[in-house]
Amino acid sequence: MKGINLKKSFACAKVEYIKWVCDARMIILAVLLIFIHSFAIEPLRENARLMGEPLNLFEPFIAVANSGAILLIIPLVFMTLISDFPKIDTNTVFYISRTGRSSWLLGQILKLVFMAASFLAVIFLGAVLPMLGSGFVSENWSKVATDFVLEFPERAQNFGVRLLPVNLYNQMSVAEAAVQSYLLVFVYLLTIGLLMLAFSLARRKNAGFVFTACVISLGTAFCSVNTQLMWTMPMANALIWLHYTKYFKQPIVSVTFSVFYFLIVIAALLLFCIFAVRRFDYDSVTEILS
């Protein structure tokens with residue numbers, strides 16, 4: 001097996017990433033942004049209008065990244081958009097013969113990083129840009145987040161209130177919540193992509209799609225019933241607010257645990273992919289598609 005050629009790996013990743021961006025399925029991302037706007041951003045803005053107070057510019061994104069319902073949909077949409085990852089077509093054997101197996105695999109991993117980063121960046125911008133005319137930038141949470149229930153106790157179960165739980169604004173600054181939420185959701189998306197890559201290299205692409213969907217769904221179910229089993233799934237480890245109680249600084253599960261959880265899972269999947277690509281017979285492209 002040829003050694004890694006970074007230039008060839010980047011070239012492979014670039015070509016395939018551009019094809020992915022230009023895919024007609026990207027219309028699904030536009031639909032997701034519309035859903036996020038109506039489901040998460042508008043309830044927060046409505047609360048802001050009731051109080052006559054501005055929102056912090058980053059609060060809508062934090063709400064999106066910490067909503068169990070939205071964090072079920074975001075990974076499922078991402079999985080749908082990368083459903084053919086790794087891309088297998090008539091050019092695959094040509095790519096392999098020209099780049100070598102190691103370089104091709106690195107190219108696929110780089111492509112996955114590009115896809116996850118750009119997908120999440122679009123969601124981030126979709127949540128932040130609508131706030132540019134009315135939001136403010138600060139380390140502090142808005143009064144809409146912290147004081148809405150005090151001013152409108154009859155609206156304590158308001159959906160906009162539940163989007164920014166006490167566990168967030170009592171435990172960390174806006175900047176900490178935004179950065180940690182972004183990074184943990186990003187590695188969650190990477191985990192999804194690596195699962196699909198690993199199953200493809202094991203000649204079980206369809207099984208990988210089903211298994212990944214089950215991991216996402218089970219994670220959502222475990223979080224809904226608040227069982228300790230949820231920490232075995234990526235979703236709970238990607239939700240910052242679940243790590244904390246409402247009032248006490250001592251976390252239920254430390255963010256460090258979740259960081260190591262993702263590092264171990266990603267490292268294991270990468271090692272499996274490296275082992276599998278050495279043994280895979282790329283002369284039979286139909287096997288990858290089965």
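Residues numbered from 1 in each chain as written. Predicted model: local features only at pLDDT ≥ 70, side-chain atom pairs only at ≥ 80, totals over all residues. Heavy atoms only, no water.

**So, the overall build of the protein**
Logical step 1: When its secondary structure is counted, the protein shows 15 helices and zero strands.
Logical step 2: For 290 residues, the compact-globule estimate of 2.2 N^0.38 gives 19 Å, and the C-alpha radius of gyration of the protein, at 21 Å, lies within 12% of that figure.
Logical step 3: Dimensions of the protein, computed from the C-alpha atoms along their principal axes, are close to 65 × 40 × 30 Å.
Logical step 4: Within the span of the protein, comprising 290 residues, buried residues form 49% of the whole.
Logical step 5: Sequence separation of at least 24 residues holds for 81% of the intrachain contacts in the protein that already meet a minimum separation of 6. (Helix = DSSP H or I, 4+ residues; strand = E, 2+ residues; numbered from the N terminus. Rg over C-alpha atoms; globule rule 2.2 N^0.38 Å. Buried < 20%, exposed > 50% of the residue type's maximum accessible area, 1.4 Å probe, protein only. Contact = heavy atoms within 4.5 Å.)

**Re the packing of aromatic side chains**
Logical step 1: The full count for this structure, using the stated rule, is 13 aromatic pairs.
Logical step 2: Centroid distance Phe61 to Tyr182: 5.7 Å. Interplanar angle 40 degrees. Geometry classified as tilted. With Phe61 in helix α3 (residues 59-65) and Tyr182 in helix α11 (residues 174-201), this residue pair connects regions lying 121 residues apart in the sequence.
Logical step 3: Phe61 sits in the buried class, given a relative accessible area of 1%.
Logical step 4: Classification of Tyr182 by relative accessible area gives partly exposed; the value is 24%.
Logical step 5: Each member of the aromatic cluster is reached from another via a ring pair, and the members are Phe58, Phe61, Phe124 and Tyr182. (Phe/Tyr/Trp six-rings, centres within 6.5 Å; stacked < 30°, edge-to-face > 60°.)

**Things to note about the confidence of the model for the protein**
Logical step 1: On average, residues of the protein score 87 in pLDDT, and 92% of them reach the 70 mark or higher.
Logical step 2: Here residues 286-290 is a poorly scored stretch, pLDDT under 50, and it has 11 contacts once near neighbours within four places are set aside; other chains count. (pLDDT = per-residue confidence, 0-100.)

**Remarks on the pattern of salt bridges**
Logical step 1: Following the criterion strictly, the structure yields six salt bridges and no others.
Logical step 2: The partner of Arg25 in a salt bridge is Asp84, with the nearest N and O atoms 3.4 Å apart. One end of the pair, Arg25, is in the loop between α1 (6-21) and α2 (27-51); the other, Asp84, is in the loop between α4 (70-81) and α5 (92-99), with 59 residues separating them in the sequence.
Logical step 3: You can call Asp84 partly exposed: its relative accessible area is 22%.
Logical step 4: Members of the salt-bridge network, linked through shared partners, are Glu42, Arg45, Glu46 and Arg49. (Salt bridge = Lys/Arg side-chain N within 4 Å of Asp/Glu carboxyl O.)

**Details of the nonpolar core**
Among soluble globular proteins, nonpolar side chains are generally buried collectively.
Logical step 1: Counting residues in hydrophobic clusters, the biggest one holds 93 residues, and the most contacted among them are Phe78, Phe119, Trp141 and Leu189.
Logical step 2: For this core, the leading source of residues is α11, giving 17 residues.
Logical step 3: Beyond its immediate sequence surroundings of up to four residues, Phe119 is in contact with Leu29, Leu32, Ile74, Val77, Phe78, Leu81 and Leu189. (Core = buried A, V, L, I, M, F, W, Y, C linked by side-chain atoms within 4.5 Å.)

**Considerations on the environment of Glu59**
Logical step 1: Of note, Glu59 is situated in helix α3.
Logical step 2: Glu59 sits in the buried class, given a relative accessible area of 0%.
Logical step 3: Between the C-alpha atoms of Glu59 and Phe85, which are 26 residues apart in sequence, the distance is 32 Å.
Logical step 4: When sequence neighbours within four positions are dropped, the list of residues in contact with Glu59 reads Leu44, Trp141, Ser142, Ala145 and Leu164.

**Considerations on the packing of α4 against helix α6 (residues 101-128)**
Logical step 1: Orientation of α4 relative to α6, taken along the N-to-C sense of each, is 135 degrees, at an axis distance of 12 Å. In terms of their interaxial angle, α4 and α6 are classed as oblique. Crossing of α4 over α6 shows right-handed handedness. Contact residues: Ile74, Val77, Phe78 and Leu81 in α4; Leu112, Met115, Ala116, Phe119 and Ile123 in α6. (Axes fitted to C-alpha atoms, helices over the stretch in contact; angles between N-to-C directions. Parallel < 35°, antiparallel > 145°, perpendicular 65-115°, else oblique. Left-handed = near helix turned anticlockwise from the far one by under 90°.)

**Focus: the side chain of His243**
Logical step 1: In this fold, His243 is placed in the loop between α13 (234-238) and α14 (255-279).
Logical step 2: Ignoring anything within four residues of it in the chain, the contact list for His243 reads Trp231, Ala236, Asn237, Pro251, Ile252, Val253, Ser254, Val255 and Ser258.

**Looking at α14**
Logical step 1: Its 25 residues give α14 an end-to-end C-alpha distance of 37 Å, which sits within 8% of 36 Å, the value for a rise of 1.5 Å per residue.
Logical step 2: For α14, the set of buried residues is Val255, Ser258, Tyr261, Phe262, Ile266, Leu269, Cys273, Ala276 and Val277. (Expected span 1.5 Å × (residues − 1).)

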